[in-house]
Protein chains: 2
Amino acid sequence: MADWQVIEGGVTAPKGFRAAGITAGLKPSGAPDLALILSDCDAIAAGVFTTSQVRAACVDYCQDVLENKPAARAILCNAGQANACTGEQGKQDALASAATTATALHLAPDQVLIASTGVIGQRVKIDALQAGIPDLVAALTTDGSDKAARAIVTTDLVTKSIALETQMGNRPVRIGGIAKGSGMIHPDMATMLGFITCDAAVSPQLWQDMLRRATEKSFNQITVDGDTSTNDCLLALANGESRTPAITTAGPAADKLEAMLTEVCIHLAKSITRDGEGATCLIEIEVTGAMSDRAANKIARTVAGSSLVKSAVFGRDPNWGRIAGAAGRAGIPFEQSDLSITLGNFTLMTHGTPQPFDRAAASHYLKQQAELSTSAMAKILLTNSHHSHDLQLTDTQTPSARQQIEIEALSHPVKIAINVGTGIGKGLAWGCDLSYDYVKINAEYTT
Amino acid sequence: MADWQVIEGGVTAPKGFRAAGITAGLKPSGAPDLALILSDCDAIAAGVFTTSQVRAACVDYCQDVLENKPAARAILCNAGQANACTGEQGKQDALASAATTATALHLAPDQVLIASTGVIGQRVKIDALQAGIPDLVAALTTDGSDKAARAIVTTDLVTKSIALETQMGNRPVRIGGIAKGSGMIHPDMATMLGFITCDAAVSPQLWQDMLRRATEKSFNQITVDGDTSTNDCLLALANGESRTPAITTAGPAADKLEAMLTEVCIHLAKSITRDGEGATCLIEIEVTGAMSDRAANKIARTVAGSSLVKSAVFGRDPNWGRIAGAAGRAGIPFEQSDLSITLGNFTLMTHGTPQPFDRAAASHYLKQQAELSTSAMAKILLTNSHHSHDLQLTDTQTPSARQQIEIEALSHPVKIAINVGTGIGKGLAWGCDLSYDYVKINAEYTT
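Cut-offs applied
- Residues numbered from 1 in each chain as written.
- Chains lettered and ligands numbered in written order.
- Predicted model: local features only at pLDDT ≥ 70, side-chain atom pairs only at ≥ 80, totals over all residues.
- Heavy atoms only, no water.
- Helix = DSSP H or I, 4+ residues; strand = E, 2+ residues; numbered from the N terminus.
- Contact = heavy atoms within 4.5 Å.
- Disulfide = S-S within 2.5 Å.
- Buried < 20%, exposed > 50% of the residue type's maximum accessible area, 1.4 Å probe, protein only.
- Phe/Tyr/Trp six-rings, centres within 6.5 Å; stacked < 30°, edge-to-face > 60°.
- Axes fitted to C-alpha atoms, helices over the stretch in contact; angles between N-to-C directions.
- Parallel < 35°, antiparallel > 145°, perpendicular 65-115°, else oblique.
- Left-handed = near helix turned anticlockwise from the far one by under 90°.
- Polar contact = N/O pair within 3.5 Å; in protein donor to acceptor, adjacent residues only side chain to side chain.
- Pairing = 2+ DSSP bridges.

This brings us to the environment of B:Ile266. Residue and element names in this part refer to chain B. Within the element layout of this structure, Ile 266 appears in helix H6 (residues 252–274). Taking the C-alpha atoms as reference points, Ile 266 and Ala 214, separated by 52 residues in sequence, lie 8.0 Å from one another. Excluding anything up to four places from it in sequence, Ile 266 contacts Lys 217, Ser 218 and Trp 430.

Moving on: the state of the cysteines. Such a bond, covalent and formed between the sulfur atoms of two cysteines, is termed a disulfide. Residue and element names in this part refer to chain A. Going through the model one piece at a time under the given rule, you end up with zero disulfides over all chains. Cys 281 takes part in no disulfide bond, and the closest cysteine sulfur to it belongs to Cys 432, at a distance of 7.9 Å. Overall, the relative accessible area of 0% leaves Cys 281 in the buried class.

As a further point, take the packing of aromatic side chains. All names here are of chain A. Enumeration according to the criterion identifies two aromatic pairs over all chains in this entry. Taken together, a centroid distance of 6.4 Å and an interplanar angle of 55° make the contact between Phe 346 and Tyr 365 tilted. In this pair, Phe 346 sits in strand S12 (residues 346–350) while Tyr 365 sits in helix H10 (residues 359–378), placing the two residues 19 residues apart along the sequence. Each member of the pair, Phe 346 as well as Tyr 365, is classed as buried.

All right, on to the packing of helix H5 (residues 204–217) of chain A against helix H6 (residues 252–274) of chain A then. Residues and elements named next belong to chain A. Here H5 crosses H6 at 40°, and the two axes come no closer than 9 Å. In terms of their interaxial angle, H5 and H6 are classed as oblique. H5 and H6 meet at a crossing whose hand is right-handed. Residues Leu 206, Trp 207, Met 210, Leu 211, Arg 213, Ala 214 and Lys 217 of H5 pack against Ala 254, Leu 257, Glu 258, Leu 261, Thr 262, Cys 265 and Ile 266 of H6.

Residues and elements named next belong to chain B. With respect to the helices, strands and loops of the structure, Asn 78 is situated in strand S4 (residues 71–81). There is a polar contact of 3.1 Å between the side chain of Asn 78 and the backbone oxygen of Gln 81. Sequence-distant contacts of Asn 78, that is, excluding residues within four places in its chain, are made with Leu 26, Asp 33, Leu 34, Ala 115, Ser 116, Thr 117, Val 124 and Leu 129.

It is worth spelling out the sheet that holds strand S13 (residues 353–354) of chain B at this point. Residue and element names in this part refer to chain B. Read across the open sheet, the six strands follow the order S13-S12-S11-S14-S10-S15; overall the sheet is mixed. The open sheet has two edge strands, S13 and strand S15 (425–432), and neither has a second partner. Relative to strand S14 (residues 414–419), strand S11 (residues 340–343) is paired through four bridges, and the arrangement is antiparallel. From the neighbouring strand, Ser 340 faces S14, where its bridge partner is Asn 419. Docked against the sheet, helix H7 (residues 293–305) engages strand S10 (282–290), S14 and S15, running at close to 20° with respect to S15.

Next up, the structure:
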């Protein structure tokens, strides 16, 4: 079913979308901080939001808008202030942001969705934001995805972007996405945001269901440190500009679109995880033989989130005991005599019994995967320092080359495969290693 | 109800108990590694065990014994090898350990409970263990608790011990306990073990219920990094040697005994958390206003386990946004307009609104609590290095002075109080900060 190809253009790859990113003066650093994505016609809109009880004003706003009508024309996103824990004033600022954008675009306010990321407890700098809207609208272009991707980052070391194209009835259908997040691990300046565009025609309920299922297999299966932000949100627009037949029921066309959407989400999710603060590599956990996919996913997530497994990978230590321990405490019943574990090509445990293996070679495998991934990342770093929160954009790579390198950086995960029995349930999860830099970044960002 | 006092003697403080700890040659370092606790008469026995699907042979053994008959005379514990993931041979070794101890004590094998801690996947060195049993039995004394406490540690920096005494019908009743664990965060050499002795007479079901409830308020409310060991176990013996009236039903006497048991468990649990690898302080989270104690406990646990909160405390950063974020994602519904947060005496947030506070003074509070705790810990350290796993015992403090200092080290927690509404539910949880040393210890212990 994976008959798609990677194309350029991010969220502006699908037909009928424009995007822009500018510096509006919200970040003290003067880095880009305001992004806009526009569909030239009404688009079906779906959203998935943080499950936290403590939510930013923009999250409440988008949920209200989409509950009322699952459609939108534009997504405005600011970086710098999260506009979370800002009470009634925060709500007013959110409404004002949407209204100003709508006016500039000649839209109704509820055709504009909004997202914020930055410091919790700080109001968005509403004057600067509103003053920036005309420039932002004027900057909209059909190749503006990269600029938008840059304007939504905070502590991210790299931008996150992807676009895929497939054929439906001999016409191209495209899905593009950009995201930000250094792994939900820095709520002052973090948050996971994802914006997806699609030019297929799809019914609202189907699109929302697809997005939810894709999220479960991607963003919900990654972990950097288990923390969830007040502002997490994923928004997806589908505008029908591909002029392919409308997808209104389950079937082969819907399956194909959902598979491609899932792939876009998985790419962005892995990209966020790889950029987890202090991480030197991506870890991919595959669990098979569980009673259900849900059970397998839970075991995979638990292993991916284990501080001990993460520390061991950073120490290049093929420590099967920690993997077995984490799998065992996931809350999913299995017989320990059924537990088998492989790391890359190394069999560490079979049916509950530790196996002899070449520890030095297995350690080398861990080291090598990290080196391959890190050297790719180094070519596309936005900054060398988390601490300034001032992103110096490197323009030594073109957007297209940057996307190639980003894919390369995700192509060398540390692979851990776990089998827990003969069930048909399988699942994948992604994590990153736990390094000194994680602690450094999160402890030294003091008030 | 807290009308007890701290006394000396640990697990040998209650009447009719003896204990010993020796070097049997199980640890490569030559540090003590074999401990025995003996009741002079049959004792009611209760146990709480790891919920992991991957369990050591000793855990299965104890569960089987106690299901069959909730009574025991002795607890044997070895450190060095966990005897987990060792298959059928591990089971045989566990049975042989119990049988040899029983023979030396002239008991039936099922009167001996066993526990192991050390490297996962390694068989216990059964020959050395069996050869050591006669010396171990010969070393049993009524003041042997401290030696036993030392023989069960692995990566612990300090021993963990407590004894409390109260009066029931004008006669003293005592509960003592020892524990080990550097926070379940090092499954190669970790595991949380707790052994409790009591000289009250109490019915088996009541004793088991009390232990389970006490565990829920203590060991289940601590977190260092969320990892659970294959060998975690808590065993409690009550031998009736206080000659106080048997407690067979719920009522004031049962409540009094349970409160004291809970206090013993909380002390040991906090002591383990304070000794979390790399920790510089103890963090105590109090949650009030929830719909139930269960809900409050879950929020408290989530905040205590947040890597972001832990990093912020290590960075001496009074970062209320991270506390609010962690509380919000605990999975317990509350209105964010009800959320109030204090840190020590500093009010950080009231009814969902951030409050102005003296950040420098709040940061100083965090620093001061860590310094007070760390300077107490420094006086009773068993070793300065985790890496050797070779504990150099410092004998510059007497057992009684050491217990005083241990209590002192727990007396300066960083206190975070969270109110989420007007419900009657309240809960406490304990954690520690996340430092560079956590990563160092867990990454550099390579194969």
